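Letter by letter, the chains look like this.
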Amino acid sequence: MQSENRFFDDMSKMLNGFAGTMAGMGREAEAAMRERAREWIAGMDFVSREEFEAVKAMAAAARDEADALKARLDALEARLGSS
């Protein structure tokens, strides 16, 4: 009976070791794929979220300034037209 217990113990240890090895390989494969994806995306000249938000804010400020200048120009034209 003890020989059967030893067999199951050895089998259990072997399967646990195999499962740990497979889990480690899975984590390494995932990390490698993430790194390759980052390299691929970096090579495509995508912008980061921070750069996008900065340009978006600059565009909004330029649009606001253009609207203000248009309002001033309309007021000046109205004043010159009434004279």
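Please read these numbers as outputs of a predicted model, since none were measured by experiment. (Residues numbered from 1 in each chain as written. Predicted model: local features only at pLDDT ≥ 70, side-chain atom pairs only at ≥ 80, totals over all residues. Heavy atoms only, no water.)

**A few points about the overall build of the protein chain**
Each helix and strand counted, the protein chain has two helices and zero strands in total. In summary, the protein chain has a C-alpha radius of gyration of 34 Å against a globular reference of 12 Å for 83 residues, an excess of more than 25%. Reported as C-alpha extents along the three principal axes, the dimensions of the protein chain are approximately 115 × 25 × 10 Å. A buried classification covers 1% of the 83 residues belonging to the protein chain. With the model as given, the accessible surface of the protein chain reaches about 7800 Å², and the carbon-plus-sulfur share is 62%. Taking the average location of the 12 positive side-chain charges in the protein chain and that of its 16 negative ones, the two points are 2 Å from each other. (Helix = DSSP H or I, 4+ residues; strand = E, 2+ residues; numbered from the N terminus. Rg over C-alpha atoms; globule rule 2.2 N^0.38 Å. Buried < 20%, exposed > 50% of the residue type's maximum accessible area, 1.4 Å probe, protein only. Areas by Shrake-Rupley, 256 points an atom, 1.4 Å probe, with all protein chains shown as cover. Lys, Arg positive; Asp, Glu negative; His and termini not counted. Charge placed at Lys NZ, Arg CZ, Asp CG, Glu CD.)

**A few points about the pattern of salt bridges**
Scanning the entire structure with this criterion turns up four salt bridges. Of the charged contacts, one joins Glu-35 and Arg-38 as a salt bridge, the two residues approaching to 4.0 Å between their closest N and O atoms. You can see Glu-35 and its partner Arg-38 sitting in helix H1 (residues 2–43), three residues apart, about one turn around the helix. For Glu-35, a relative accessible area of 39% corresponds to the partly exposed category. Residue Lys-70 pairs with Asp-74 through a salt bridge whose shortest N-O separation is 3.2 Å. (Salt bridge = Lys/Arg side-chain N within 4 Å of Asp/Glu carboxyl O.)

**Let's talk about the environment of Phe-8**
Turning to its location among the elements, Phe-8 is positioned in helix H1. Between the C-alpha atoms of Phe-8 and Ala-31, which are 23 residues apart in sequence, the distance is 34 Å.

**Overview of the packing of aromatic side chains**
In the structure shown here, the tally under the stated rule is one aromatic pair. Their ring planes at 65° and their centres at 5.6 Å tell us that Phe-7 and Phe-8 sit as a pair that is edge-to-face. (Phe/Tyr/Trp six-rings, centres within 6.5 Å; stacked < 30°, edge-to-face > 60°.)

**Remarks on a nonpolar patch on the surface**
Taken together, the side chains of Phe-7, Phe-8, Met-11, Met-14 and Leu-15 define a hydrophobic patch exposed on the protein surface, amounting to about 530 Å² of accessible area. When you line up the elements, Leu-15 lands in helix H1. (Patch = residues over 30% accessible without salt bridge, like charges linked within 9 Å, V, L, I, M, F, W, Y side chains within 5 Å.)

The analysis is restricted to geometry; functional conclusions fall outside its scope.
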